[in-house]
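Coordinates in review
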Amino acid sequence: MVMSSKEPFSLTYNPQLSSREYGVNLYIDEGNNDPQRIQFNAIVQYCGEFESNYSIFHLFKHDLVLNRNLADEHAIQLAVECNKAFYPLTLLTDKRGLIYTLRTDNILERWKEQRVKIERYFKGEEARQYIEATESALMNKEKVNMIVLGDLFFSQFFELNYRSDTRSEEYTSELQSR
């Protein structure tokens, strides 16, 4: 079917087909003609339905690379280790694929375990301040929501404009078998 430019085009929300691993490249230029390149892998994993109105997803990030170098600087490694408490992140989307809610209680559980590991390796006042700031942010549900909604990849992934009707199971099965 060929669509004319006058016909509106909209995507159909098929959460079952959203499970993928994506390579993400972010370029940050603070106006000094020296852009910083951040690369990582982002995983969106569909995990089923909740109350037939919501789709459950787990989100992951891994393999951080800064300016084409593995993140080996001490400060970046600290951030990477703190980040491990945050992911996997569980969220629910509505029938249009928009974020409905985030599950944050498991973040604090992971943080308790991760903090012990972090404090064994990272020493000094700056590390202590960063660890305390991370814990403070993770204990504040609004800040956690801002972290996700402010994430350039995940916020855009879950802001696509989908139609609210879903395809049949037969259609989804057909697409998955291709």
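Preceding this section is the structure that the text describes.
This structure is a prediction, so every number in the text was calculated from the model and none was measured.

Description of the overall build of the protein
- Looking only at helices and strands, one finds six helices and eight strands in the protein.
- Residue burial in the protein is summarised as follows: out of 178 residues, 34% are buried.
- The long-range fraction of contacts in the protein, counting pairs at least 24 apart against all pairs at least 6 apart in sequence, stands at 60%.
- Summed over all atoms, the accessible surface of the protein reaches about 11800 Å², with 50% contributed by carbon and sulfur.

Description of the layout of surface pockets
- Size it by volume and the largest pocket reaches roughly 900 Å³.
- Taken together, 24 residues make up the lining of the largest pocket; nearest its centre are Lys-61, Leu-64, Ala-79, Asn-83 and Tyr-87.
- For the lining of the largest pocket, the secondary-structure elements that each account for two or more residues are strand E3 (36-50), strand E4 (54-66), helix H1 (74-83) and helix H3 (125-138).

Points about unusual backbone geometry
- Note the cis peptide between Tyr-87 and Pro-88, where omega equals 5 degrees.
- Relative to the assigned elements, Pro-88 resides in the loop between H1 and strand E6 (89-93).
- One non-glycine residue, Asn-33, lies in the positive phi region at around 55 degrees.
- Along the polypeptide, Asn-33 turns up in the loop between strand E2 (20-28) and E3.
- Exposure remark for Asn-33: the relative accessible area of 71% places this residue in the exposed category.

Quick look at the pairing of E6
- Within E6, five of the five residues are buried, leaving the element largely enclosed by the surrounding structure.
- Residues Leu-89, Leu-91 and Thr-93 point to one face of E6 and Thr-90 and Leu-92 to the other, with burial holding for every one of them.
- Here five bridges tie E4 to E6, and the two strands are oriented antiparallel to one another. Bridge pairing in E6 places Phe-57 opposite Leu-91.
- Examined bridge by bridge, E6 and strand E7 (residues 99-103) share four bridges and lie antiparallel to one another. Its bridge partner lying in E7, Thr-90 is registered against Arg-103.

A look at H1
- Residues Ile-76, Leu-78, Glu-81 and Cys-82 constitute the buried set of H1.
- Residues of H1 that are buried make contact with E4, helix H2 (105-121) and H3.

Some details on the nonpolar core
- Residues Val-44, Phe-57, Leu-59, Phe-86, Leu-89 and Phe-153 are the most contacted members of the largest nonpolar core, which totals 30 residues.
- With sequence-adjacent residues up to four places away left out, Val-44 is seen in contact with Ser-18, Ser-19, Arg-20, Tyr-22, Phe-57, His-58, Leu-59, Phe-153, Phe-154, Phe-157 and Phe-158.

A few points about the pattern of salt bridges
- Counted under the stated rule, the structure contains eight salt bridges.
- The partner of Lys-84 in a salt bridge is Glu-81, and the shortest N-O contact between them spans 3.0 Å.
- The partly exposed category is assigned to Lys-84, whose relative accessible area is 44%.
- Since its relative accessible area comes to 18%, Glu-81 is described here as buried.
- Here Glu-125 and Arg-128 are joined by a salt bridge, their closest N and O atoms 2.5 Å apart. Within this pair, Glu-125 and its partner Arg-128 are both found in helix H3, separated by three residues, close to a single helical turn.
- Residue Arg-128 is classed as partly exposed on the basis of its relative accessible area, which comes to 42%.
- Shared partners join several salt bridges into a network, and the residues in it are Arg-115, Glu-119, Glu-132 and Glu-135.

Rules behind the numbers
Counting restarts for each chain: residues are numbered from 1 in the order of the written sequence. Per-residue local features of the predicted model are confined to residues with pLDDT of at least 70, and side-chain atom pairs are confined, for both listing and counting, to 80 or more; whole-chain, interface and lining totals are unaffected and use all residues. Side-chain measures here rest on the full set of heavy atoms in the structure, leaving out hydrogens and waters. Put simply, DSSP marks the helices as runs of H or I at least four residues long and the strands as runs of E at least two long, and each gets a number from the N terminus on. Relative accessibility thresholds used throughout: buried, under 20% of the residue-type maximum; exposed, over 50%; partly exposed, between the two (1.4 Å probe, protein chains only). Contacts are assigned to residue pairs with any non-hydrogen atoms lying within 4.5 Å of each other. The Shrake-Rupley method, run with a 1.4 Å probe sphere, supplies the accessible areas, and residue values consider only the shown protein chains as cover. Method remark: on a 1 Å grid restricted to protein atoms, a set of points is classed as a cavity if a 1.4 Å probe fits but cannot get out and as a pocket if it is open with protein on both sides within 12 Å along at least five of seven lines; lining residues have an atom within 4 Å of a point. Grid points are joined across faces, edges and corners, and a volume is the space filled by probe spheres set on the points. Here a strand pair is declared whenever DSSP counts at least two bridges between the two strands. Here, nonpolar core means buried Ala, Val, Leu, Ile, Met, Phe, Trp, Tyr and Cys residues that are tied together by side-chain atoms lying within 4.5 Å of each other. By definition, a salt bridge exists where a carboxyl oxygen of Asp or Glu is found within 4 Å of a side-chain nitrogen of Lys or Arg.

Purely spatial values, then, with no claim about function.
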